[in-house]
Every structure is written in C-alpha cells, then in structure tokens.
Amino acid sequence: MSAELLKPLPQDLKEVSDKATAANALAAATIQDTIDRLERARQQIISGEHPDQLLPLSSYLKTANTKVAGSHKDWSSAVSKFGKGVEKKFSTPLVPLFPPAGSSSQPPPPNVHPSLLAITSGGATSSPLPTPPSSFGSPIAIGALNETIALHLARIGAFTTLSSFLEESKTTSPSVALLESLRILHVILAELSKGICTQALEWVSLNPESDPERRLEFELRKEEFVRILLRDVDLTGSTDPLLPTHLPSPSPTQQEALAYAGLHFSQLWTIERAQTICALAASPLFMPFSKLLVSPYASLFADYAPKGDLGSGKGPESKLQAIFAAAFLKTIHLPKDSPLTVVTDVGGGGAMARIQKVRMVMKEKKTEWSAVEELPVEIPLPTTHRYHSIFACPVSKEQSTPSNPPMLLPCGHVIARESLTRLARGTPTVKCPYCPVISHTTAAVRVHF
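The structure displayed is predicted, hence computed values, not measured ones.

Participant: If you had to explain the overall build of the chain to someone new, which residues and values would you point to?
Facilitator: Secondary structure summary: the chain contains 15 helices and 5 strands in total. Nonlocal contacts in the chain, meaning residues at least 24 apart in sequence, comprise 61% of its contacts between residues at least 6 apart.

Participant: Lay out the confidence of the model for the chain with the relevant residues and their values.
Facilitator: Here the chain averages 80 in pLDDT, and 78% of its residues register 70 or above. Note on residues 94-106: pLDDT is under 50 here. Beyond four places in sequence and across chains, it has 19 contacts. Every residue in residues 238-243 is under pLDDT 50, and counting partners more than four places away or in other chains gives 11 contacts.

Participant: Give me the lowdown on helix α13 (residues 317-331), citing residues and values where you can.
Facilitator: If you check α13, its first and last C-alpha atoms are 21 Å apart, about what 15 residues at 1.5 Å a residue would give, namely 21 Å. Residues of α13 that are buried include every one of E317, L320, F324, A325, A327, F328 and L329, and no others. Elements in contact with the buried residues of α13: α4 (139-155), α6 (176-193), α7 (198-206) and α8 (215-229). Positive phi appears at H333, one or two residues downstream of α13, with a value of about 60°.

Participant: Quick one: what's the story with unusual backbone geometry, residue by residue and with numbers?
Facilitator: Non-glycine residue R214 carries a positive phi angle of around 60°. Here R214 is to be found in the loop between α7 and α8.

Participant: Provide a residue-level description of the pattern of salt bridges, including the pertinent values.
Facilitator: Using the criterion set out here, one finds 11 salt bridges in the structure. Across the pair R42 and E39 runs a salt bridge whose closest N-O atoms are separated by 3.5 Å. Placement of the pair is R42 and E39 together in helix α1 (residues 8-47), with a separation of 3 residues, close to one helical turn. With a relative accessible area of 37%, E39 lands in the partly exposed category. Across the pair D303 and K319 runs a salt bridge whose closest N-O atoms are separated by 3.0 Å. One end of the pair, D303, is in the loop between α12 (298-301) and α13; the other, K319, is in helix α13, and 16 residues separate them in sequence. Among the residues examined, K319 registers a relative accessible area of 49% and is labelled partly exposed. The network of salt bridges with shared partners includes R214, E217 and R221.

Participant: Provide a residue-level description of a nonpolar patch on the surface, including the pertinent values.
Facilitator: Among the surface-exposed residues, V395, L423 and Y434 lie close enough to one another that they form a single nonpolar patch of about 250 Å² accessible area. Mapped onto the secondary structure, Y434 falls in the loop between β3 (429-431) and β4 (438-440). The class of Y434 is partly exposed, set by a relative accessible area of 45%.

Participant: Go over α8, please, and point to the residues and values.
Facilitator: Between its first and last C-alpha atoms α8 spans 21 Å; for 15 residues at 1.5 Å apiece the expected length is 21 Å, and the two agree. Burial of α8 is extensive: 11 of the 15 residues sit out of reach of the surface. Taken as a whole, α8 has its buried residues at L216, E217, F218, L220, R221, E223, E224, F225, V226, I228 and L229. Elements in contact with the buried residues of α8: α6, α7, α9 (252-264), α10 (274-282), α12 and α13.

Participant: Give me the lowdown on the packing of α7 against α8, citing residues and values where you can.
Facilitator: Across the interface, α7 lies against α8 with an axial gap of 10 Å and an inter-helix angle of 155°. For the element pair α7 / α8, the angle class is roughly antiparallel. In this structure, α7 crosses over α8, and the sense of that crossing is left-handed. On the side of α7, the interface is formed by A200, L201 and V204, while α8 contributes L216, E217, L220, R221 and E224.

Participant: Report on the packing of aromatic side chains, specifying residues and quantitative values.
Facilitator: Here a ring pair, both rings aromatic, is described through the centre-centre distance and the interplanar angle of the planes. Across all of its chains, the model carries 6 aromatic pairs by this definition. Arranged with centres 5.9 Å apart and planes meeting at 50°, the rings of F218 and F265 form a pair that is tilted. Pair noted here: F218 is in helix α8 and F265 is in the loop between α9 and α10, with a separation of 47 residues, a long-range link. Judged by its relative accessible area of 5%, F218 falls in the buried class. Stacked on the ring of Y60, the Lys or Arg R37 has its end atom at 4.0 Å from the ring centre. The ring of F159 is capped by R183, whose NZ or CZ atom sits 4.6 Å from the centre of that ring.

Participant: Break down the nonpolar core for me, citing the residues and quoting the values.
Facilitator: L182, L192, L220, F225, F301 and F324 are the most contacted members of the largest nonpolar core, which totals 53 residues. The contacts of L192, once residues within four sequence positions are left out, are C197, A200, L220, E317, L320, Q321 and F324. Judged by nonpolar contacts, the second largest core, of 12 residues, contains M407, L409, A416 and V430.

Conventions used here
- Residues numbered from 1 in each chain as written.
- Predicted model: local features only at pLDDT ≥ 70, side-chain atom pairs only at ≥ 80, totals over all residues.
- Heavy atoms only, no water.
- Helix = DSSP H or I, 4+ residues; strand = E, 2+ residues; numbered from the N terminus.
- Contact = heavy atoms within 4.5 Å.
- pLDDT = per-residue confidence, 0-100.
- Expected span 1.5 Å × (residues − 1).
- Buried < 20%, exposed > 50% of the residue type's maximum accessible area, 1.4 Å probe, protein only.
- Salt bridge = Lys/Arg side-chain N within 4 Å of Asp/Glu carboxyl O.
- Patch = residues over 30% accessible without salt bridge, like charges linked within 9 Å, V, L, I, M, F, W, Y side chains within 5 Å.
- Areas by Shrake-Rupley, 256 points an atom, 1.4 Å probe, with all protein chains shown as cover.
- Axes fitted to C-alpha atoms, helices over the stretch in contact; angles between N-to-C directions.
- Parallel < 35°, antiparallel > 145°, perpendicular 65-115°, else oblique.
- Left-handed = near helix turned anticlockwise from the far one by under 90°.
- Phe/Tyr/Trp six-rings, centres within 6.5 Å; stacked < 30°, edge-to-face > 60°.
- Lys NZ or Arg CZ within 6 Å of the ring centre and 35° of its normal.
- Core = buried A, V, L, I, M, F, W, Y, C linked by side-chain atoms within 4.5 Å.

Structure, rendered in structure tokens:
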C-alpha cells in the first residue's frame, strides 16, 4: 500500500505513543510524589511531631488520581481512534481471500517461499464464509509469483535480499544480462541522486534510440548547467536588492556554466525548449542565488533552494531519476512501474476490500457474476495506474465497446450508441438526457479515446 493511502495512520500512531509516554510519566511522577509525602509524614510520626502532612495528602491523592485518570483516558481515546482508523483502511480481513487452513488435502509444492507458507497453510485462521480455491495453489502459479517477486527485488536494487530469496524459494534467477543491466541502472541512479550526470550522459550517448527526441539529454544537460552555476554558492545567503548599482564581472563558475550552455544547448535547441534555454543562459545575470530566487527565472531554481524557502524540500534529483529510469527500463523491455508495486498499490488501496465486500453480498443473495473480463463493482484507480482510457455511459452505466462506442452529441454530452438508439425510439431526433437540446441522431459523432 502506498504512503499516500496510509497517510493518517502514522500521525495517529505517533499520537498514541506521545499520549502513552505522557500518561506513564505523569503516573510515575504522581507515585513518586506520593511516596515522598508519605515518607515526610512517617518521619513526623516517628519524631513525635504533629503529622500535618496527612490531611493535605488525602486531598492531594484525590486530585492526583483525577489527573492520572484523565491522562489515561486521553491515551485510551487515542488507542481507540487509531484502531478505528486501521479498521477503516483495512475494512475487510484478508483471510477470506485465501482458503482456510487444512482445506487442501495436497501438501504445498516444495518451492513455496516461507512467507507464502504462513498464508497458505497454518498461518491463516479459518473463516465461516465459503472461499474459492487459492490463486496460488498450483506450482506454476507459485513459481510465477516467486519470479515476479524476484524481478521486483532486482528492479529496486535489493540484490542481497534477492540472493536470499532465490536460495530459500528455489526460484530460477533472472538472466545474468538483466541483472547486470539493473545493477548499472542503480549505479547511475545513485550518481543522479548526488546531482552527478556524467554516467547518465554517457549511457544516453551510447543508447540514442532510448531518447529519440533528446528530452532526457536536455534534462541532464540542464541539471549539469545548474550544478556548475551553483557550485561553491551560498544557498542560504540574505536577499540583496534585485537591481545592483553596478554589474560585477562573471565569476569563473558562471563563465564555465555559460560556456557549457553554448556548447551543448545549441545542439538541443528546439522551439519548445527555446524559452527555457534563454532563461538558463540569462540566469547568471541575477546571481548570487538569493537574488536569483526572486528573479523572473526563480521557477527554474526553486527546487534547489534550501528546505523552508521557495523549495519544497524535494530536489530535482528525484524527477531526473524517474525520467532516466523509465528510459533505461524501456531499453531492456521492462515497464516503467514494477508489476508487484502496481498490484499492491491497487489491491491495498481498496480494490481487494471492495471485491471481497461484493463477494460477501453475492454469497448472501446467492447470485453470481457472469460477465467476462469485468468486475461487478467499479474500482477507483489513482491516475498513475490508469493505463487505458475507459468510457462508461452515464445513461446505461455500461462501459463502451467497439460495437457500442461513445457518441458525442451536438450539445457536448457523450453517451453510448445503444443509449442513443434507445432514446431516439425510432425517430430521427433525440433529446439529450442531460440538457434540453434536441438534435438529429445523424449529427452525433463517434469519440475515440
């Protein structure tokens, strides 16, 4: 599950921890104070003095008990709030998605990873609801899952974990060439995280087919230009007047940056990049960096500002890494996103809970879903995981197909062709179901997504 979907839970957990610490500290301090008061009263009694500490002690205990009880009540409320938050995010238990323990008479295949054994045998508790066969009950399915996990570990650069996983699960290792390519990728990404683009530029020059429009090369050259310009520059200096009384001579780093721009940006010049290149070339006029951040070109350098200034705290390295990784993975015929990441993000983001809820309702109503390659409920996906444009008719609530494509009415509303035919009722005109416009059915135009 992605961090965005779990966003409220870390704050709630921190609140539980803080309130627990505060409650325990208050209780410990109250107990110690009570012991000290009792000790003073005891000394008074032993010495024969009047025990004037006993009456205030009774009042103190009542007040302290109220404070400690209130502190523990706040702690209990935070625990209850966190529990409700967890139940809201994980509204349906995962157990019914797998067969109950002991439901299979056959032993698990020998190449099952220990993490899967905990789920498929002995680790899952039985469920009162009938469950379908496990999706990973066959050796072929388990082998495919293990290979997916292995490839994911290689993609993220966890090669030590990958070696342990392959040894324990007895899974076939990805090809040596693929692993070597992924190692090279992570070496380059590590350099990009430091703002060093040397190896990335060398890779682009050796693989021109990966960047036919030279967009990646332009982003790398732009990063190099900015790094040269800001070398040995104080990024936290005070803001001086934007217009100086005199123009100082360019510093050696500014001259080096301008020479770099003249050498490389001239080869990457296009109409789309012209404005950015001109802005970069003119930016040394507004140095030092404090004035550059309030110049007309501040947007190009905001990501390089210290956290808390104009910058968001997230440097440009992460953007450059994502662009380079996508281009690199394309050359070795791998998708930009790891399939395991996509599945866990979508499933953990609510898809699994929704499907299980529909399954339970269908079990109660004793109905079955017979549509092919469709789910009985709409699953909302984040924009990063929407790979195909899908149109659902607002009238019939059905997805468009090649035989029932979306049709654009003259008024601007879109409905499916079958809905258009039904609304026309055999006449040449049709009234839009969402506005009072009446138009000819022949005026509707098919929309291609």
